[in-house]
Amino acid sequence: MIGTRRSERAKRSLLRTDESYADLEDPDDDTQNTSILNLNRPAAVEEAVQIKIKKPLDPKAKMCIRRTIRVFLFLIYMFVIIFLLTLFTVNAVIDESGSLSATSNISITLKNCEVFFNGGSGSPKFRLRGQDGSLDYSTSSTSIKAKNTGNYLESCRLDIDGESFAGMAITCQETCNYYQETKNRLTFSGDFSVTAGEDSFAKFGPITMNKVDMDVGGTIFLKEILVSSTPNSLKTNQGDVFLLTPSEVNIAYKTFKSDYYCVYGGGINQKQAQTCQTESVKSGVSTIQVQRCTGEVDICTSGTTCSPTLTYNVDITDGTLYSSQTDGNGGFVSDGTTVQGNTVPTLNRNAANTVTEVKDLLSGDNAEDAIALFTFPDVKEDMYRWMLVSRKAYADFPVWWLGTVSAGLILPKLEEIPTLVPNLYCPYTSYTLSEPEFEAIYDGIFFAFDSNRDLSIVAQELLEAKDLWYHVSVDTKGRYHRKEIKISENQSLLMAFSISLTLGLAGSFVFVIGLFVGLKRFSATYMKQVEHEQRFLDMKKEADKGSSGAAAAAPGPLATSSKEEKGKKKKKKIKKNLPLPFSMPDFTINRLRKANTSSFELFISEVTEQVDPHRTPVGQMRTAALKSYYEAYCFMNQLKEDEIKANKDFLSKLGMRIIGQNDSSTEVFKKIRKKTAGELAEVGEPTQSQNENSLQFFIRCKYEITTFDIDRVFLRDFNVGYEHFCRINKVNDPVPITKRGMKDIGADFERLTLTVIKQEKKWRIRQEKLETCYKGVSEDPFQPGWIFIDLLSVTIHTIVMLVLLAPMAFILFFNLDTYAQYSARPSDQLLSFDDVGSAAWRFFDKFGHLPAYGVAILIFEALYLLICVYEIM
C-alpha cells in the first residue's frame, strides 16, 4: 500500500503542468509540491562549515574501475575454487621425475601401478605420479620404489622414456599393468625381468634384450622379441602367452588344468609330445588335484630339423600358449606349419560354476535385468568387447545412454566374467580379429550360455574414432549376422522414447507451472524495480498530452526527454530485464544496497554545489518544493524515501536550516488554479469582451475559478503573470489586483505559513540540477560499503553459476562413467567417477579423448562463464 501511495503521489505531481498552483498545497505537509523562492538577502558573513560531499569527478571512469574490480573478484573466486579442487585432487598428487642410468641396471619395485614405456630419443628418464597419501615412494637414477596403498590402479602411473637401457628388473606386488607405447624397438643390453600379481597384464614389442624373465598373473604379449642369451622364462597364472619372434627358438612348456597350445612357424619339430598327468597342488590351506601337461617344440625357419640356441621355458596355469614366427617386418611367415593341442574353442574351461551362475542371473524364474560382460584377458580382445544381455532392449540401444536418459533408474546390473577362449587364434597369424575367430567367439558364448536363445549377444568393435555396437545372431541356415545398433532404425524404441518424452514434458510442464507460481511474486517485484524508469516516462508522456510546449515551460521534474535519452533508457531497461535465475543476484544486491542507502544524502549530493558565501545571496527553498523533486528522484531510482526533517543534522553540516516562513512571499489566492494545456488550447486567441475588465479578461484566459481550497496561486506569481499578460495583449487601463476584487471573482486571499530550507553558507541547491536529477542516480561508485556490495554480488553470481553448471557437468560425467564400464578402450582414454576420488590428476591426460558431445557441453559451460562475467560487470 505504501508503494502504491508513493506511486500515486508521484503520478499526481507529474500530471500537474503549472508549478505555481501545484506548489500551493497544505503548508504544513512536507509531501506537497511548492515552488522555489530565492530571496535576495544580504550574504551572511559566517565561517563556512567545512563539509565535503563525495561528488563523482568522473563517474564513468570510476564505474569502469569498479567493474574491473568486480571481474578481478570473480577471477579470485575462480582461482579459489580451482585451488580447492586441486588441493584435494591435482595438487594432492605426487609428481616426481628424474633421469635414469643408461649404463647401470635399474631396479623398480611397485605395488598396484601402471607402467608405460614411451620410447623417445635421448637419455633414459622417468616420471612417477600418484595420489598423495596413498603412495609411498623413493627414487634415484638406478632405483624406483612406489607402493600404492589405494585400490584404484590408475592412481599410480610410472612413465619411462628412452629406448636404450642396460638391465631392468621390475617387481610388482598385487596388480600391475605394463605397456610399450612406442612402436620403435626397445633395447636392453642386459636382462629384462618383470613380475606382477593376479589380474595383471604385460604387452611389449618390438623389444630386444639379453634375457627375459616374466612372471605375470595375466596375459603376456611379446611382439617381435629378440633375445641373445638363454634360458628365458615366461610364466602366467590366469592368461595366455603370446610369443611372436623371428628367431628359431626352442619352447619347453607346461600347463596346469589345460592342454591348450598353438605353435606356428616355417617348420615345427615336436621334440616331446604333450603328456598329461594328475598332480597334487597346494591351494591356500588345502591340497587339490590338478592336471599337468608338458611338451617341447622347436620352431624352425624351414623344415623340421633345426638346432635353436635360444630356449624359452613357458609355464601356464590356465591359458593357451600362442607362439608364431614373424618375418621381422611386422608380419608372419607364410606357408608355415601349425602344431596345436586341444582344438575345441570353449569358454570357462574351469569355471562350470560361473556358467550356472550366469544362467541363473540372466534367465529362468529368478532372472534379473542384467548384462554379463566378458573380459577376455588376451590381446586381440582389446579391440572387441562382448556382452550377454537379459533383454533385447539392451541390445537395441547403447547401454550407457540408456542409463543417462533414465538417470540410472533402468540401468541393468553389470556382471563381469573374466574368461578365456582357448585355442581360438590358432594359428596366430594376424593382430586383428578375423571373421572365423569372431564367429568362434560367438559360438563359445552361445553354446555355453545362450543355447536356449532367450538371451541376446552384443559385440563392441573398437575403432579409431568411435565404437561400433553390433547385435550378433545366427539364422536357421547357420549364417552369422552382425547388425550395427542404431536407435534411428528401431521404430518401436523410438516410439517408446517419444511416449516417455511426452510424459516427461507433461510432468516438467506441471513442475514449471508450480515453479512459476512460486517465483511469481519475486519476478513481479523484480520487474517493478527494473521498469520504474519506463513507468516514469510513460506517466510523463500522459502529463504532456495536449501541448508539449506548455509542459516544457513548466518547471519541476517534467522536462521533456530527448529521443536520444529515451533510446538510452530503453537500452538500459533491456539490459536490466534479464530472465530468472540471472536476475536473482542483481535483485538481491539492489534491494540490499538501496535498503542501506541514505537516499536524501545521495539526492542532496546530486543537486548542490559549492559557492562563495560572501558573494552569493542567502537562498531559500520550500521543503515541499524540494520534496517534489526528491520524491521523483526516489521513485525513479527505487530508493527508500526519508523524511526531510529527519535530516536536519545533515543539512546543518552543509550550512542549511529548516525554518518556518510567514510573510508576503507566502500570500496566496485560494479556489483558483491555472488552466491546463488542453484548456489553454480551447481558449484560442485571447480577445477581451466589452463587459469585462482586464483582471477578468486575464483570469478567463489563464486561470480557472474552482470551489476547492487546495487550488491556489501565489500572489507574487499572479502579479507578475498579470503584468506580463497586460503588456503582451496591450491592455489599456488595467485594473489593480485587490483582495476585494479577487473575492468578487471567487478567489479568497490567505497568508500561509511554509517550511523552508535557508541556505546561508557554502552549499547551495541549484534549480538546473533539480530539473535533471530525476533522470538517474549518478552516485559515487566508491561510496562507503561498496566493496561489501561487490563482494556479495560476485559471491551470489558465482553460486548461481555453480548451481546451473554442476548438473550439466554431472550428467556428462555420469554418461562417461557408465560408458567406461562397458567400453573396450584403454583406461587412459576413459573418464570415470573413480578418477574423481583417486586420480583426478589424470583428467588432463584424458580430456583429449572426450566425445563430441562432451566437448560441446564444455564449450557451452565456457560460454556461460563469459555470461557470468558480463553480468557481474
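Residues numbered from 1 in each chain as written. Predicted model: local features only at pLDDT ≥ 70, side-chain atom pairs only at ≥ 80, totals over all residues. Heavy atoms only, no water.

## Some thoughts on the overall build of the protein
Next up, step 1: Assigned secondary structure in the protein consists of 23 helices and 41 strands.
Next up, step 2: A total of about 42600 Å² of accessible surface is found on the protein, and carbon and sulfur atoms cover 54% of it. (Helix = DSSP H or I, 4+ residues; strand = E, 2+ residues; numbered from the N terminus. Areas by Shrake-Rupley, 256 points an atom, 1.4 Å probe, with all protein chains shown as cover.)

## Some thoughts on the nonpolar core
Next up, step 1: Core analysis: the biggest nonpolar cluster contains 55 residues, and Leu110, Phe117, Met168, Tyr178, Phe192, Ile251 and Tyr312 have the highest contact counts within it.
Next up, step 2: The dominant element in this core, judged by the number of residues it contributes, is strand 3 (residues 106-119), at 6 residues.
Next up, step 3: Non-local contacts of Leu110, meaning those with residues more than four positions away in its chain, are made with Val115, Ala146, Leu158, Ile170, Thr171, Cys172, Gln173 and Cys176.
Next up, step 4: Counting residues in hydrophobic clusters, the runner-up holds 36 residues, among them Val358, Tyr384, Leu424 and Tyr428. (Core = buried A, V, L, I, M, F, W, Y, C linked by side-chain atoms within 4.5 Å. Buried < 20%, exposed > 50% of the residue type's maximum accessible area, 1.4 Å probe, protein only. Contact = heavy atoms within 4.5 Å.)

## Section: the side chain of Asn815
Next up, step 1: Inspection of the secondary structure puts Asn815 in helix 20 (residues 786-822).
Next up, step 2: Beyond its immediate stretch of four places on either side in the chain, Asn815 contacts Trp400, Trp401, Thr404 and Tyr853.

## Brief notes about the confidence of the model for the protein
Next up, step 1: Residue-level pLDDT values for the protein average 76, and 74% of them are 70 or greater.
Next up, step 2: The lowest-confidence element of the protein is strand 1 (residues 36-41), averaging 34 in pLDDT; the highest-confidence one is strand 11 (residues 192-195), averaging 95.
Next up, step 3: Note on residues 1-56: pLDDT is under 50 here. Beyond four places in sequence and across chains, it has 151 contacts.
Next up, step 4: Every residue in residues 546-582 scores below 50 in pLDDT, and together they form 57 contacts with partners more than four places removed in sequence or on other chains. (pLDDT = per-residue confidence, 0-100.)

## A word on the sheet that holds strand 38 (residues 712-714)
Next up, step 1: Across the sheet, 3 strands lie side by side as 38-35-39; this open sheet has antiparallel pairing. Two strands lie at the open edges of the sheet, namely strand 38 and strand 39 (748-751), each paired on one side alone. On average, each strand axis in the sheet is inclined to that of its neighbour by 30°, with strand direction left out of account.
Next up, step 2: In this sheet, strand 39 lies alongside strand 35 (residues 667-670) in antiparallel orientation, the contact comprising 4 bridges. Within strand 39, the position partnered with Val668 by the bridge is Glu750. (Pairing = 2+ DSSP bridges. Axes fitted to C-alpha atoms, helices over the stretch in contact; angles between N-to-C directions.)

## A closer look at the packing of helix 16 (residues 694-702) against helix 17 (residues 715-728)
Next up, step 1: Where helix 16 contacts helix 17, the axes come no closer than 11 Å and their chain directions differ by 100°. Viewed along their axes, helix 16 and helix 17 adopt a mutual orientation that is roughly perpendicular. Across the interface between the two elements, Ser694, Leu695, Phe697, Phe698, Ile699, Cys701 and Lys702 of helix 16 pack against Phe718, Gly721, Tyr722 and Phe725 of helix 17.
Next up, step 2: Residues that form the contact of helix 16 with helix 17 fall into these classes: 8 nonpolar, 2 polar and 1 charged. (Parallel < 35°, antiparallel > 145°, perpendicular 65-115°, else oblique. Nonpolar A, V, L, I, M, F, W, Y, C, P; charged D, E, K, R; others polar.)

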